[in-house]
Amino acid sequence: MSFLIPVDLSLAESPHPNAILCHKCKALLGSRCRQDRVNQESEEAAEAGLPLQRLVDSEAVAREMVTSDLIEITALEGCTLCLLLVDCLLSDDLTAMREHWERSKEDPNYAPFLVRHELYDDGEQPPFLSVEYEPPQIDSWPRNREIKAMVQLHTEIELQEFANYGFVEDKTSSNSSWNAALQWINTCSETHHACIEDCTALPLLPTRVIDIGLNQEIEPRLHVSGPHGENARYVTLSHCWGAYMPLRLLKNNISSMEKTVPFNQLSRTFQDALIICKRLKIRYIWIDSLCIIQDSDSDWQEQAALMSQFYHNSYLNIAATHAIDGRHGCFSFRNPQLISPIKVKLEWGPQPGVYYCVKAYFWKMNVLETPLQRRGWVCQERFLSPRTLHFGARQLFWECRESSLCEQFPLRMPSQVTYSLSTGIALHVRGSEMRRNANMAADSSLDAFNIWNMIVGRYSSCALTYESDKLIAIAGLASKLEKEIKSQYLAGLWRKHLAYQLLWNIRGRTAEAPRLRTREYRAPTWSWASITAYIENACQVHFADERDIIISISSVSVELLSAYPFGQVKGGRLELEGYLAQMNVILIESKNNRGLYNLCIGGVRAGNGILDTDSDEPTTRDDLYYLPIRYVPDPPVKINADGSRELSPQVVGIVLQSKGEGNALEFTREGRFELISAVDNFQAACRQFNRGRGVHEDGREPFEVSQWGYPHSITIF
């Protein structure tokens, strides 16, 4: 039986726009405008309500209008484009705009309500239409917080073969949504070679699962696998716990839950997940809080170590992607207009014609930047599952090892609107692609390291309820990658090519995401896992022969809390031979860009640095030590997307803080630095450190200007 969504090809090829537009959207798309100059013509155009056109640079042109209209009103009045823009905004943003608009109407002395509408076209990237609003800097309004919605315009030829021209219903539990989901599941399990390998044999069931039965009248119950295990197809659930969890598996209710799991006592998300299982005709589902004893530390430790297998062996992972907790469920209502194609006619610019309107950052905003995907545990759930069906706020999304789809683009996802990392860890596909995008030489032996770099970056941007879970919540992915990397795992890093991995850095500071090292010990300071922040460059291995590395690692060890090598640690020690600089090298924090530092040698700026933790006020640090790790004498010039040239760093290293115990060179990591210039001066500072430590030539050949001095035995904790 085919569940393919019908496509009306005659409509797909129609050149006619279908969107109903308000006066603002018509004006921005229309051919007439007023120029960025004062004359009689422009004054008449302003009176006619035409947008102002301004030249952004030699190629880019923007047309803008500033109005006091509330975009929600024009959306309710029927403007399809305003409806799409409203859907791009968060509910809190809409509330802020609505309250300001109402207050400005009531009080003429209050800050006026103004919204800027802009259509931008640089002739290269797809044009985009945006609505931008800045709350007044008064009362309790959020400060320095821009509210902006963006819609991209794609030419008809780019998207017409991908769009959904079928019938779309107003709920994601509807037949139209379900038919799409079944089509994706059937296609994946029957034709995707990378996915079929997990469907050929029945997997081993998890220790406990919820048995929903296949008879409508049977109550769900907790099923415990026999001592030798049982084989059966099952699904898993990814969800946000939140503060609402009406029923959990506890020591005192195991017996009763083995008899029945009361459906009406389950959260709405769990109820919806069981309904989905029934429709799929799959008898078993694994849900963490119903299948792991929540008041037993020993059971949690045992089951957490197996969690990677549970998700990897599942037939399908159901993701309640839009729900912040169990009260919101999997299913949601939506306006079908937001799923069907929205087409407008652009009458100006280098390529006038019919365009499709799609949310900007489509995949990111609908899948990656959602309540569920911001949860740390879900990172490995998503990457380990062979296929995931996302229940989003407006539509269903699909990910497997070969494809990414959604109801808006049900047959094939156009590359113009998304870059999706497949659910499966396709080492030689994604790894080589990532190396190419990072301008690194192709080397299949290093592909797995690039995959780990991507995983750590994604994982570190997520939140954990318990910071002690930092390593255990990614342990499943680490255990899977270990089979490819074939190296000792060290609190988030790998022994092979460890020197490169010491050069992780933190993305810039934000008010919402301060950088901090937890008081409770979680990992040695040389590991990214010791920091709560967004991590970059966690595993960027440039060369297999490490030709650009100038340290020598003597030994490294971590002390585990249990026998599980990918779990929590209680200590760590790194010993190496390397050079150090301190005198005349200082970091000065930027006042306008907090968290970023200028690295100065002898008072002259030579590079930059980022410290691992935040300070309350802009600081100057002259008490730190600098360990160069990577040295590239003739770095390549990086060509940016806009054609500008950017110098690559010659020296990259880590910033250290002395433990202050006698004369021993024992440190903790404090940050990362890069040298763009003045390498000779930095090498001189390293030689100066030799002299300060009483290390002299003693009859040996004197150092040349380009030399680093003598290496030291250094320990980092």
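Residues numbered from 1 in each chain as written. Predicted model: local features only at pLDDT ≥ 70, side-chain atom pairs only at ≥ 80, totals over all residues. Heavy atoms only, no water.

> An account of the overall build of the protein chain is needed here, citing residue identities and associated values.
On a plain count of helices and strands, the protein chain comes out with 20 helices and 34 strands. Counting only residues that meet the buried cut, the protein chain has 54% of its 717 residues in that class. Taking the contacts inside the protein chain whose residues are at least 6 apart along the sequence as the reference set, 69% of them involve residues at least 24 apart. For the protein chain, the accessible area works out to roughly 32700 Å², and carbon and sulfur atoms hold 49% of it. (Helix = DSSP H or I, 4+ residues; strand = E, 2+ residues; numbered from the N terminus. Buried < 20%, exposed > 50% of the residue type's maximum accessible area, 1.4 Å probe, protein only. Contact = heavy atoms within 4.5 Å. Areas by Shrake-Rupley, 256 points an atom, 1.4 Å probe, with all protein chains shown as cover.)

> I'd love a proper account of the pairing of strand 11 (residues 316-319), names of residues and values included.
A two-sided burial pattern is seen for strand 11, the buried positions comprising Leu 316 and Ile 318 on one face and Asn 317 and Ala 319 on the other. Bridge count between strand 9 (residues 234-238) and strand 11: 4 bridges; the pairing is parallel. Bridge assignment links Leu 237 to a residue of strand 11, and that residue is Ile 318. As paired elements, strand 11 and strand 14 (residues 387-391) share 3 bridges and run parallel to each other. Looking across to strand 14, one finds that Ala 319 is bridged to His 390. (Pairing = 2+ DSSP bridges.)

> Now, about the pattern of salt bridges: what can you tell me, with residues and values included?
Considering all chains together, one arrives at 28 salt bridges under this definition. The partner of Arg 522 in a salt bridge is Glu 467, and the shortest N-O contact between them spans 2.4 Å. On the criterion of sequence distance, the pair formed by Arg 522 in the loop between strand 20 (516-517) and strand 21 (531-532) and Glu 467 in the loop between helix 17 (447-460) and helix 18 (475-485) is long-range, its members being 55 residues apart. By relative accessible area, which is 27% here, Glu 467 ends up partly exposed. Here Arg 547 ties to Asp 545 by a salt bridge, and the two come within 3.0 Å at their closest N and O atoms. Connected through shared salt-bridge partners, Arg 54, Glu 64, Arg 116, Glu 118 and Glu 132 make up one network. (Salt bridge = Lys/Arg side-chain N within 4 Å of Asp/Glu carboxyl O.)

> Could you give me a rundown of the confidence of the model for the protein chain, with the residues and numbers involved?
Taken residue by residue, the protein chain gives an average pLDDT of 87. The fraction at 70 or more is 88%. Scored below 50 in pLDDT, residues 1-14 makes 25 contacts in the model with residues more than four places away or belonging to other chains. Long-range and interchain partners of residues 38-43, a stretch whose pLDDT sits below 50, account for 4 contacts in this model, where long-range means more than four residues apart. (pLDDT = per-residue confidence, 0-100.)

> Kindly report on the sheet that holds strand 3 (residues 61-67), identifying the contributing residues and their values.
Read from one edge to the other, the open sheet built from 8 strands follows the order 1-2-3-4-5-6-13-12, with strand pairing classed as mixed. Both outer strands of the open sheet, strand 1 (34-35) and strand 12 (343-346), are each paired with one neighbouring strand and no more. Direction of pairing for strand 12 relative to strand 13 (residues 353-359): antiparallel, over a ladder of 4 bridges. Note on strand 13: the bridge partner recorded for Lys 345 is Val 354.

> Go over the packing of helix 8 (residues 175-191) against helix 11 (residues 268-280), please, and point to the residues and values.
Across the interface, helix 8 lies against helix 11 with an axial gap of 12 Å and an inter-helix angle of 60°. Of the possible angle classes, the one that applies to helix 8 and helix 11 is oblique. The crossing of helix 8 and helix 11 is right-handed. Contact residues: Asn 175, Trp 178, Leu 182 and Ile 185 in helix 8; Ile 276, Arg 279 and Leu 280 in helix 11. Of the residues that constitute the contact of helix 8 with helix 11, the class distribution is 5 nonpolar, 1 polar and 1 charged. (Axes fitted to C-alpha atoms, helices over the stretch in contact; angles between N-to-C directions. Parallel < 35°, antiparallel > 145°, perpendicular 65-115°, else oblique. Left-handed = near helix turned anticlockwise from the far one by under 90°. Nonpolar A, V, L, I, M, F, W, Y, C, P; charged D, E, K, R; others polar.)

> Got a sec to walk through the nonpolar core? Specific residues and values, please.
Judged by nonpolar contacts, the single largest core of 124 residues is most densely connected at Ile 285, Ile 318, Trp 452, Trp 528 and Leu 627. Setting aside anything within four residues of it in sequence, one finds Trp 452 in contact with Ile 474, Leu 477, Ala 478, Leu 481, Tyr 489, Gly 492, Trp 494, Trp 528 and Cys 539. Counting 40 residues, the second largest nonpolar core, distinct from the first, contains Cys 25, Leu 70, Cys 82 and Val 115. (Core = buried A, V, L, I, M, F, W, Y, C linked by side-chain atoms within 4.5 Å.)

> Account for the packing of helix 13 (residues 297-312) against helix 15 (residues 376-384), with residues named and values stated.
Orientation of helix 13 relative to helix 15, taken along the N-to-C sense of each, is 35°, at an axis distance of 7 Å. When the axes of helix 13 and helix 15 are compared, the crossing they make is right-handed. Counted together, Trp 300, Ala 304, Met 307, Ser 308, Tyr 311 and His 312 of helix 13 and Trp 377, Glu 381 and Leu 384 of helix 15 form the full contact between these two elements. Class assignment of the residues belonging to the contact of helix 13 with helix 15 gives a composition of 6 nonpolar, 2 polar and 1 charged.

> Kindly report on the side chain of Thr 155, identifying the contributing residues and their values.
By secondary structure assignment, the location of Thr 155 is in strand 6 (residues 147-155). With a relative accessible area of 12%, Thr 155 lands in the buried category. Once you skip the residues sitting within four places of it in the chain, Thr 155 turns out to touch Gln 351, Val 354, Tyr 355 and Tyr 356.

> Residues and numbers for unusual backbone geometry, please.
Positive phi, close to 50°, is recorded for Tyr 361, a residue that is not glycine. Here Tyr 361 is to be found in the loop between strand 13 and helix 14 (362-368). For Tyr 361, a relative accessible area of 52% corresponds to the exposed category. Backbone geometry at Lys 486 places phi at a positive 55°, although glycine is not the residue there. Within the secondary structure, Lys 486 sits in the loop between helix 18 and strand 17 (489-490).

> Describe helix 13, naming the residues involved and giving the relevant values.
Helical periodicity: at 3.6 residues per turn, an α-helix aligns residues three or four positions apart in one direction. The first and last C-alpha atoms of helix 13 sit 24 Å apart over 16 residues, in line with the 22 Å expected at 1.5 Å per residue. Taken as a whole, helix 13 has its buried residues at Asp 299, Gln 303, Ala 304, Met 307, Ser 308, Phe 310 and Tyr 311. For helix 13, the elements touching its buried residues are strand 7 (208-211), strand 9, strand 10 (284-286), strand 11, helix 15 and helix 18. (Expected span 1.5 Å × (residues − 1).)

> Could you give me a rundown of the environment of Glu 64, with the residues and numbers involved?
Secondary-structure assignment places Glu 64 in strand 3. For Glu 64, a relative accessible area of 15% gives the class buried. C-alpha of Glu 64 to C-alpha of Gln 53: the two residues are 11 residues apart in sequence and 6.6 Å apart in space.

> So what about the packing of aromatic side chains? Which residues, and what values?
Summed over the entire model, instances satisfying the criterion amount to 23 aromatic pairs. Arranged with centres 6.0 Å apart and planes meeting at 85°, the rings of Trp 300 and Trp 377 form a pair that is edge-to-face. Separated by 77 residues along the polypeptide, Trp 300 in helix 13 and Trp 377 in helix 15 bring together distant segments of the chain. Residue class for Trp 300 comes out partly exposed when judged on its relative accessible area of 24%. (Phe/Tyr/Trp six-rings, centres within 6.5 Å; stacked < 30°, edge-to-face > 60°.)

> Kindly report on helix 6 (residues 91-106), identifying the contributing residues and their values.
Its 16 residues place the ends of helix 6 23 Å apart at the C-alpha level, agreeing with the 22 Å of an ideal helix rising 1.5 Å per residue. Considered for burial, the residues of helix 6 that qualify are Asp 93, Leu 94, Ala 96, Met 97, His 100 and Ser 104. Down the axis of helix 6, the buried side of the element spans an arc of 160°, and every buried residue falls inside it. The outward face of helix 6, more than 90 degrees from its buried face, is lined by the exposed residues Ser 91, Asp 92, Lys 105 and Glu 106. In this structure, the buried residues of helix 6 make contact with helix 4 (71-76), helix 5 (80-87), strand 4 (115-121), strand 5 (128-133) and strand 6. (Arc of directions from axis to C-beta.)

> A description of the sheet that holds strand 8 (residues 221-224) should follow, citing residues and the corresponding values.
Strand order in the open sheet formed by 8 strands is 8-7-10-9-11-14-15-16, and the pairing between neighbours is mixed. For this open sheet the edge positions go to strand 8 and strand 16 (404-406), each flanked by a neighbour on one side alone. Between one strand axis and the next, the sheet turns through 30° on average, direction left out of account. Across 3 bridges, the pairing between strand 9 and strand 10 is parallel. Bridging across to strand 10, Tyr 234 finds its partner in Tyr 284. Together, strand 11, strand 14, strand 15 (396-400) and strand 16 form the strand contacts of helix 8, whose direction differs from that of strand 15 by roughly 5°.

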